[in-house]
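Spelled out from the first residue to the last, the chains are:
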Amino acid sequence: IVLTQSPGTLSLSPGERATLSCSASHSVGTYLAWHQQKPGQAPRLLIYGASSRATGIPDRFSGSGSGTDFILTISRLEPEDFGVYYCQQYSTSPLTFGGGTKVEI
Amino acid sequence: EVQLVQSGAEVKKPGESLKISCMGSGYDFTTYWIAWVRQVPGKGLDLMGIIYPGDSDTRYSPSFRGQVTISAANSISTAYLQWASLKASDSAMYYCARHHSGTWNPDRPDYWGQGTLVTVSS
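All of the points below concern the structure found in this document. (Residues numbered from 1 in each chain as written. Chains lettered and ligands numbered in written order. Predicted model: local features only at pLDDT ≥ 70, side-chain atom pairs only at ≥ 80, totals over all residues. Heavy atoms only, no water.)

**A short note on the overall build of chain B**
The condition that has to hold: To qualify as a helix, a DSSP run of H or I must reach at least 4 residues; to qualify as a strand, a run of E must reach at least 2; elements of each kind are numbered from the N terminus. As a reference, a globule follows 2.2 Å times the number of residues to the power 0.38, and the radius of gyration itself is taken over C-alpha atoms. We call a residue buried when its accessible area falls under 20% of the maximum for its residue type, exposed when it is over 50%, and partly exposed in between, using a 1.4 Å probe and counting protein chains only. Contacts are assigned to residue pairs with any non-hydrogen atoms lying within 4.5 Å of each other. Under the counting rule used here, the positive set is Lys and Arg, the negative set is Asp and Glu, and His together with the chain ends is not counted. Each charge is placed at NZ for Lys, CZ for Arg, CG for Asp and CD for Glu.
Along the backbone of chain B there are 0 helices and 11 strands. When the helices and strands of chain B are listed from N to C terminus, the series reads β-β-β-β-β-β-β-β-β-β-β. Relative to a compact globule of 122 residues, whose C-alpha radius of gyration would be 14 Å, chain B shows 14 Å and is just as compact. With the C-alpha coordinates of chain B rotated into their principal frame, the extents come out at 45 × 30 × 30 Å. Split into buried and exposed, the 122 residues of chain B put 47% on the buried side. A fraction of 56% describes how many contacts in chain B between residues 6 or more apart in sequence connect residues 24 or more apart. Side-chain charges in chain B split into 10 positive and 10 negative, and the spacing between the mean points of these groups amounts to 7 Å.

**Focus: the side chain of Gln5(A)**
Residue and element names in this part refer to chain A. So the rule is basically this: Here a polar contact is taken to be a pair of N or O atoms separated by no more than 3.5 Å, where protein atoms must pair a possible hydrogen donor with a possible acceptor and residues adjacent in sequence count only if both atoms sit in side chains.
Among the structural elements, Gln-5 can be located in strand β1 (residues 3-6). Overall, the relative accessible area of 10% leaves Gln-5 in the buried class. A polar side-chain atom of Gln-5 sits 2.9 Å from the main-chain carbonyl oxygen of Tyr-85. For Gln-5, the side chain forms a polar contact with the main-chain nitrogen of Gly-100, separated by 3.0 Å. If sequence neighbours within four positions are ignored, Gln-5 has contacts with Ser-21, Cys-22, Trp-34, Tyr-85, Tyr-86, Cys-87, Gly-98, Gly-99, Gly-100 and Thr-101.

**Considerations on the interface of chain B and chain A**
Cut-off, in case you're wondering: Buried area: the accessible area, evaluated with a 1.4 Å probe, that two parts lose upon being put together, summed over both parts. Criterion for a salt bridge: a side-chain nitrogen of Lys or Arg within 4 Å of a carboxyl oxygen of Asp or Glu.
Contact residues are listed per partner, giving 21 residues for chain B and 17 residues for chain A. Taken over both partners, the interface formed by chain B and chain A buries close to 1500 Å², and the fraction arising from carbon and sulfur atoms is 67%. Run the count over chain B and chain A and you get 0 salt bridges. In this assembly, chain B and chain A are joined by 5 residue pairs in polar contact (both at pLDDT 80 or more). If one sorts the elements of the side of chain B that touches chain A by residue count, strand β10 (residues 106-112) of chain B sits on top with 6 residues.

**Remarks on the state of the cysteines**
All names here are of chain A. For the record, the criterion: By convention in this document, the label disulfide applies to cysteine sulfur atom pairs within 2.5 Å.
By the definition in use, this model includes 2 disulfides over all chains. In this model Cys-22 forms its disulfide with Cys-87; the gap between the sulfur atoms is 2.1 Å. Sign of the S-S torsion, about 80 degrees for the bond between Cys-22 and Cys-87, identifies this disulfide as right-handed. With a gap of 65 residues between them, Cys-22 in strand β3 (residues 18-24) and Cys-87 in strand β9 (residues 83-89) connect regions that are remote in the sequence.

**Brief notes about the sheet that holds strand β1 (residues 3-6) of chain B**
All names here are of chain B. Condition: At least two DSSP bridges between two strands are required for those strands to pair. Angular values range over 0 to 180 degrees, each being the angle between N-to-C directions of two axes fitted as lines to C-alpha atoms, with helices fitted over their stretch in contact.
Taken together, 4 strands build an open sheet; the order of strands is β1-β3-β8-β7 and the sheet is antiparallel. At either end of the open sheet lies a strand with only one pairing partner, and these are β1 and β7 (69-73). Adjacent strand axes in the sheet meet at a mean angle of 20 degrees, parallel and antiparallel pairs treated alike. Here 4 bridges tie β1 to strand β3 (residues 18-25), and the two strands are oriented antiparallel to one another.

**Overview of the sheet that holds β3(A)**
Strand-to-strand pairing in sheets goes through backbone hydrogen bonds, with the strands running parallel or antiparallel. Residue and element names in this part refer to chain A. Pairing is antiparallel across the open sheet formed by 4 strands, whose spatial order is β1-β3-β8-β7. Each end of this open sheet is capped by a strand with a single partner; those strands are β1 and β7 (61-66). Across the sheet, the mean angle from the axis of one strand to that of its neighbour is 15 degrees, orientation sign disregarded. Judged from the 6 bridges that link them, β3 and strand β8 (residues 69-74) form a sheet pairing that is antiparallel. Within β8, the position partnered with Leu-20 by the bridge is Leu-72.

**With respect to the side chain of Thr73(A)**
Secondary-structure assignment places Thr73(A) in strand β8. In contact with Thr73(A), not counting residues within four places along its chain, are Arg17(A), Ala18(A), Arg60(A), Phe61(A) and Ser62(A).

Shown next as structure tokens:
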């Protein structure tokens, strides 16, 4: 299953709303996760099951969607939210990642 | 506290073999899947394969099948990624990540290791 993320880069200011998209080539139901990766760090899980926040993730992060179209929303960007965001499907082996969306603050 | 601790950075020559590790702690190692993920510098995440230590069920992504071997040693709660003959193109950061277990298949991810940088250069 191929995951296509858009846009490739998002340039926004603190306090603005960020909307990131992930489109799957075949339905993955809600077996979709979002990860955040900051420069020089390992990725960190933000969202699983398309819309459930992982432990310790602030409520400004929210996920939605099912089937083939998914959205990650950051309601009010904080300076620490810059980085690259990846979607990942775990519906069907092989598990796959999207190409990533870079969020520039 | 759940942790995945990976082995240290490696510098190797083309043609050499290598085995890197990912040790899990704070949970029952045999009841969660461990995935290996490659990240070439400046690029995205590529899932290489995934293993269920409980029964050694191992699944490789097509691009990596035959190129690497994934294994686990349950007695020491450690998963491995190994190469028989490294190439310069294997230079990358490698991460392990834990996945919950669904019915017969891996389910949602949660924890990541800190990464192991592999450099292959003559």
